[in-house]
Amino acid sequence: PFLPLFLLQPAIWRQYCRLRKPNPSEVILIVLFPILLLIGWIYTNVTGLSTETKMWEEMQVKVAALTGYMGADPFLQLTGTPEDKKNPIYSSLKNRFQSVCQSIPDCRFFYAMGRKEEELFFYLDSEPENSPDISQPGDIYDEPVPYVHQVFETGKAATGGPTYDKWGVWVS
C-alpha cells in the first residue's frame, strides 16, 4: 500500500500547485516527507529481517543444545507405539520434555518425532497425560511439512514455519 501512495505523490502535488501557489516550507515538506517515509520503511524492513534471522539462529542453537542434552540413545529403546508408555525411558523422557518446555518462555509444545517409511509419527511430547492436545506414542503426523521430512533425509536440524495445522500456527 505504501508504494502506490509514494508513486501518486507527484500527481497529488501537481494538482495542489494548480489550486494554489505553495510557499517554500511546503515545498520542502512535500519533498522530504515521502523520502523520510521511504527511509523509515526500508529501515523497518531491514530491522525486521535481521530480527527474524537472529530468532531463527537462536532457535537452532537451542534445538542443537537440547538435542545434545537428550541424546539419541534413549529413542533407540522406544518403538513409537502405545507400548512405549510402559517403558521407564518413556517416563524419564516425558519428564525431561515437560521441564524443557516449561523452561523456555515461548515454548508451547516440545516433542520428538520419528519416521517409518514416509510417515511421520510422535514418540512423545511435553503435554500432561490428561491434556486434550497430547500426542500419544505412535500418533501419525500427516500434515505436509517439507522441512520436517528434510530433517530425516539429511540428518541435520532445521527450523521452519510458520506452519498451519489442526493445532494452530507453529514455528518449529
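Bear in mind the structure is a predicted one, so any value in this text is a computation, not a measurement.

Helix and strand counts for the protein chain come out as 5 helices and 5 strands. Its helices and strands taken in sequence order, the protein chain reads α-α-α-α-β-β-β-α-β-β from the N to the C terminus. Computed over the C-alpha atoms, the radius of gyration of the protein chain is 26 Å, more than 25% above the 16 Å expected from 2.2 N^0.38 for a compact globule of 172 residues. When its C-alpha atoms are laid out on the principal axes, the protein chain stretches across 85 × 35 × 25 Å.

A word on the layout of surface pockets. Approximately 1,800 Å³ is the volume found for the largest pocket. For the largest pocket, the lining is made up of 48 residues, of which Val63, Phe110, Tyr111, Ala158 and Ser172 are closest to its centre. For the lining of the largest pocket, the elements supplying multiple residues, two or more each, are helix 2 (24-70), helix 3 (73-76), strand 1 (111-116), strand 2 (119-125), helix 5 (146-154), strand 4 (163-165) and strand 5 (168-170). In terms of residue count, the dominant contributor to the lining of the largest pocket is helix 2 (10 residues). Tallied by class, residues from the lining of the largest pocket come to 33 nonpolar, 8 polar and 7 charged.

The next point concerns the pairing of strand 1. Sheet topology places strand 1 next to strand 2; 6 bridges connect them, and they run antiparallel. Residue pairing in the sheet places Tyr111 in a bridge with Asp125 of strand 2. In this antiparallel pair of consecutive strands, strand 1 and strand 2, the connection spans 2 residues, and Glu117 shows a positive phi of 55°.

Attention now moves to the nonpolar core. By size, the foremost hydrophobic cluster in this structure holds 15 residues, and its most contacted members are Phe75, Leu78, Leu93, Phe97, Phe110, Tyr123 and Leu124. When residues of this core are traced back to their parent elements, those giving at least two are helix 2, helix 4 (88-103) and strand 2. For this core, the leading source of residues is helix 4, giving 5 residues. When near neighbours in sequence (up to four residues on either side) are disregarded, Leu78 contacts Asp84, Asn87, Ile89, Tyr90, Leu93, Tyr123 and Leu124.

Attention shifts here to the side chain of Asp125. Its place among the elements puts Asp125 in strand 2. There is a polar contact of 3.0 Å between the side chain of Asp125 and the backbone nitrogen of Glu127. At 2.7 Å, the side chain of Asp125 and the backbone nitrogen of Ser135 are in polar contact. What Asp125 contacts, discounting residues up to four positions off in sequence, is Lys94, Phe97, Phe109, Phe110, Tyr111, Asp133, Ile134 and Ser135.

Counted by the stated rule, this structure contains 8 salt bridges. Note that Arg108 is salt-bridged to Asp133, the shortest N-O span being 3.2 Å. In this pair, Arg108 sits in the loop between helix 4 and strand 1 while Asp133 sits in the loop between strand 2 and strand 3 (140-141), placing the two residues 25 residues apart along the sequence. For Arg108, a relative accessible area of 41% translates into the label partly exposed. Salt bridges sharing partners connect three or more residues here, namely Lys85, Lys94, Asp125 and Glu129.

Each pair of aromatic rings is reported with the distance of its centres and the angle of its planes. As enumerated under the stated definition, the model contains 6 aromatic pairs in all. Between Phe75 and Phe97, the aromatic rings sit 6.4 Å apart at their centres with planes inclined by 55°, giving tilted as the arrangement. Of the two residues, Phe75 is situated in helix 3 and Phe97 in helix 4; the sequence distance between them amounts to 22 residues. The interplanar angle of 65° and the centroid separation of 4.9 Å between the aromatic rings of Phe121 and Tyr123 together place this pair among those described as edge-to-face. By relative accessible area, Phe121 is classed as buried at 5%. On the accessibility criterion, Tyr123 (15% relative accessible area) is buried. An aromatic cluster of at least three residues, connected via ring pairs, comprises Phe75, Phe97, Phe110, Phe121 and Tyr123. Across the ring face of Phe121, the terminal group of Lys116 is positioned such that the distance to the ring centre comes to 5.0 Å.

Reading the values: the criteria
Residues numbered from 1 in each chain as written. Predicted model: local features only at pLDDT ≥ 70, side-chain atom pairs only at ≥ 80, totals over all residues. Heavy atoms only, no water. Helix = DSSP H or I, 4+ residues; strand = E, 2+ residues; numbered from the N terminus. Rg over C-alpha atoms; globule rule 2.2 N^0.38 Å. 1 Å grid on protein atoms, 1.4 Å probe; cavity = no way out; pocket = protein on both sides within 12 Å on 5 of 7 lines; lining within 4 Å. Points joined across faces, edges and corners; volume = space filled by probe spheres on them. Nonpolar A, V, L, I, M, F, W, Y, C, P; charged D, E, K, R; others polar. Pairing = 2+ DSSP bridges. Core = buried A, V, L, I, M, F, W, Y, C linked by side-chain atoms within 4.5 Å. Buried < 20%, exposed > 50% of the residue type's maximum accessible area, 1.4 Å probe, protein only. Contact = heavy atoms within 4.5 Å. Polar contact = N/O pair within 3.5 Å; in protein donor to acceptor, adjacent residues only side chain to side chain. Salt bridge = Lys/Arg side-chain N within 4 Å of Asp/Glu carboxyl O. Phe/Tyr/Trp six-rings, centres within 6.5 Å; stacked < 30°, edge-to-face > 60°. Lys NZ or Arg CZ within 6 Å of the ring centre and 35° of its normal.

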